[in-house]
Amino acid sequence: MFDPEFYMGVYETVDLTTKAKMLRCGKYKDVTECGVDLNSSNIVTAERQTFYCVPIPGENPWAKEMYANGSQARVVPSTSYAPNRQKRSYEEDDDMDTQPQKQTGPHSPTEHHGNGDCKRQEMEASSSQAGSASHIDLNFPLPGEKGPSCLVKVYEDWESFKLNDTLEVYGILSVSPALSVLSDEKDASSCLLDPTECMETAEEQRVHSPPASLVPRLHMLCAEPLPHNNPLLPSAPLKDSSAFLSSTLTEMASVRVELLTYFTHVLLGDALAAEYLILNLISNVYTRHDVLPLGKFTLNLSGCPNIASYTERLYQIIQQLVPSSHYLGMSLQNMNQMRLVPRKDYVANRLVSGALQLAKHTSLFLDETQLEQGQLDTTGVRNVTALGNLISWQKVDYDFNYHQMEFPCNINVLITSEGRSLLPSDCQIRLQSQVEPSSLEEYISSIHVLSQGSSQLNKFRTYLSVPRLLDYSISDDVTKSVEDDFVDMRKDDPQSISAEDLHRILVVARLLSLSLGQPSLDRDGWLRAKHMEIQRRSRLEQHKCVNGNEP
């Protein structure tokens with residue numbers, strides 16, 4: 001989010017030939033009509049807010065492709081000029097960096113310009129933009145990201161937009177090349193509507209006013225927050241899509257069986273680990289109690305084979321199933337060199353993005369099997385601490401040099417490791433391979449990624465997104481039954497279960513019910529969750545007895 005900018009909401013122009021005066025509106029424009037009478041008493045100054053938007057970090061190719069194929073929006077080039085530049089499409093889904101945007105709607109043509117000076121500026125723009133494009137940092141949170149970034153001009157209610165929100169924005173597109181030339185010239189008599197630009201430093205000017213061909217301007221007409229970015233689901237709330245919800249809930253139990261079978265195969269024949277992986281992928285922070293995020297379920301999948309291709313193949317499979325994900329190999333080099341936490345650049349007056357600046361419901365895959373011997377430097381320690389805070393509190397502390405500021409997040413975290421993770425987790429499941437060690441490499445190479453476009457793959461994609469959008473409740477009767485059960489377990493063996501264990505079982509029971517399409521917990525769901533936890537803990541205890549202190 002940039003500083004607020006002032007523009008001429010109403011201004012008066014003078015025709016140089018007839019001397020006729022005309023009032024014009026400056027709203028939804030970057031460039032005024034030429035011939036502005038700066039001494040007119042009819043000028044009205046207004047305020048607007050600019051947000052810098054980037055594509056959704058980590059949005060997977062299948063989701064982008066489906067959105068692109070389903071979008072009917074097309075950019076209509078302006079007929080008022082024909083600059084020497086390649087026409088570009090802005091259909092891809094966007095996400096705000098310092099204020100996210102999702103998907104732009106139908107765009108209007110760019111603004112008209114009135115005389116030869118503006119035409120000259122357009123013709124000069126192609127050369128100036130070509131030279132400056134190579135120096136522009138588009139400030140994407142994740143390395144290697146591509147797609148159109150955008151400056152969104154908001155005229156009202158900008159306080160309602162939060163950092164890293166995902167929005168669907170409809171507005172008026174402006175890609176006027178004159179913006180770049182005017183920015184370079186910094187002429188006090190230029191046609192730009194923002195008179196405060198002359199007060200910016202050269203670095204601020206470069207960051208805040210990039211070439212319009214590279215970073216177009218979008219003047220917002222309206223925007224809606226997106227509850228998800230899965231193109232297979234309706235964009236409207238599920239409660240307003242009764243037909244879709246009814247058919248989906250009917251099939252959820254059967255689709256779950258198919259997905260469980262597939263994950264069991266991927267996890268080397270371990271059905272229990274497959275159950276917990278499903279729960280991890282559908283988990284969601286549904287509310288916060290003071291500082292405690294409720295609903296998060298970070299899973300540590302320990303006991304992974306010491307074969308690099310296994311965790312990479314597992315991530316490829318998850319990548320094909322969820323709309324947004326990011327793989328972070330926790331090698332010593334990555335931990336010591338990567339910028340995970342966003343920081344404020346006071347010279348350019350902007351927030352420099354970091355790899356943990358992710359949209360909600362992004363699946364973050366932390367691969368600890370990449371760890372090797374060595375020492376973490378200051379950056380490495382800070383990065384590990386940031387990952388721990390994200391897992392424990394679902395927050396990222398942004399670095400403002402002189403202080404830190406907490407920003408909440410809602411990110412699914414899966415940690416793969418050989419032993420117990422050095423990071424905290426809500427649940428650790430020890431992978432119990434059913435494959436003979438001598439056949440392990442051959443088995444891993446045979447694990448297949450489902451073919452694109454298959455009906456089963458799309459069922460899995462829909463299935464993993466729906467539970468997050470369902471309401472959930474526990475009746476008074478079930479609550480009383482759970483309390484009595486907990487008291488009985490404590491009576492039998494006070495050391496067998498703690499309040500933390502009870503919380504974990506309740507989280508597992510909630511996710512288990514939602515994974516079956518059930519919006520409320522029943523007695524059978526509670527008993528099943530208890531049984532899963534007993535199995536998981538028993539497996540950890542057995543491994544601890546065999547391997548000493550390592551759980």
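Below is a summary of the structure that appears in this document. Everything quoted here is computed from the prediction, not taken from an experiment.

**Brief notes about helix 12 (residues 476–492)**
Okay, step 1: Across its 17 residues, helix 12 extends 25 Å between first and last C-alpha, which sits within 8% of the 24 Å expected from 1.5 Å per residue.
Okay, step 2: Regarding helix 12, the residues found buried are V478, V482, D485, F486 and M489. Each buried residue of helix 12 lies within a common arc of 100 degrees when the element is viewed along its axis, so the set occupies one face. Residues D476, D477 and K491 are exposed on helix 12 and point more than 90 degrees away from its buried face.

**Comments concerning the sheet that holds strand 10 (residues 299–302)**
By way of backbone hydrogen bonds, the strands of a sheet pair with one another, either parallel or antiparallel.
Okay, step 1: Spatial ordering of the open sheet is given by 11-14-17-10-18, a layout of 5 strands whose pairing is parallel. The open sheet terminates on both sides in strands that have one partner only, identified here as strand 11 (325–329) and strand 18 (427–430). The average undirected angle you get between the axes of adjacent strands in this sheet is 20 degrees.
Okay, step 2: Sheet analysis places strand 10 next to strand 17 (residues 412–416), joined by 3 bridges and oriented parallel. Residue L301 lies in a different strand from strand 17, and its bridge partner there is T416.
Okay, step 3: Running over the sheet, helix 6 (residues 271–282) touches strand 10, strand 14 (363–367), strand 17 and strand 18 and is turned about 145 degrees from strand 17.

**Side note on the pairing of strand 5 (residues 150–154)**
A regular strand places its side chains on the two faces of the sheet in alternate fashion.
Okay, step 1: Summarising burial for strand 5: 5 of the 5 residues are buried, a large majority.
Okay, step 2: In strand 5, alternate side chains face the same way, and those of C150, V152 and V154 on one face and L151 and K153 on the other are all buried.
Okay, step 3: Where strand 3 (residues 44–55) lies against strand 5, 5 bridges are found, and the strand directions are antiparallel. Along strand 5, the bridge assignment pairs C53 with C150.

**Brief notes about helix 13 (residues 499–515)**
Okay, step 1: Helix length check: helix 13, at 17 residues, gives a terminal C-alpha distance of 24 Å against a target of 24 Å (1.5 Å per residue), a fit within 8%.
Okay, step 2: For helix 13, a buried count of 13 out of 17 residues is recorded, marking the element as mostly surrounded by other parts of the structure.
Okay, step 3: Where helix 13 terminates, the next one or two residues include G517, which has phi positive at roughly 80 degrees.

**Describing the environment of I447**
Okay, step 1: As for its position among the elements, I447 is in the loop between helix 10 (440–446) and helix 11 (455–465).
Okay, step 2: Along the primary structure I447 and L268 are separated by 179 residues, whereas in three dimensions their C-alpha atoms are 9.2 Å apart.
Okay, step 3: Discounting residues that sit within four places of it in the chain, I447 has contacts with H265, V266, Y310, R313 and I317.

**Considering the pattern of salt bridges**
Okay, step 1: Per the stated rule, a full pass over the model turns up 18 salt bridges.
Okay, step 2: Note that R350 and D137 form a salt bridge whose closest N and O atoms lie 3.1 Å from each other. With R350 in strand 13 (residues 350–352) and D137 in the loop between helix 2 (116–133) and strand 5, this pair connects stretches of sequence that are 213 residues apart.
Okay, step 3: The class of R350 is buried, set by a relative accessible area of 11%.
Okay, step 4: Salt-bridge contacts for E275 lead to R256; the nearest nitrogen and oxygen are separated by 2.6 Å. Highlighted residues: E275 in helix 6 and R256 in helix 5 (residues 242–266), separated in sequence by 19 residues.
Okay, step 5: When salt bridges with common partners are traced through the structure, they connect E500, D501, R504, E533, R536 and R537 into a single cluster.

Here is what the cut-offs are and how they apply
- Residues numbered from 1 in each chain as written.
- Predicted model: local features only at pLDDT ≥ 70, side-chain atom pairs only at ≥ 80, totals over all residues.
- Heavy atoms only, no water.
- Helix = DSSP H or I, 4+ residues; strand = E, 2+ residues; numbered from the N terminus.
- Expected span 1.5 Å × (residues − 1).
- Buried < 20%, exposed > 50% of the residue type's maximum accessible area, 1.4 Å probe, protein only.
- Arc of directions from axis to C-beta.
- Pairing = 2+ DSSP bridges.
- Axes fitted to C-alpha atoms, helices over the stretch in contact; angles between N-to-C directions.
- Contact = heavy atoms within 4.5 Å.
- Salt bridge = Lys/Arg side-chain N within 4 Å of Asp/Glu carboxyl O.

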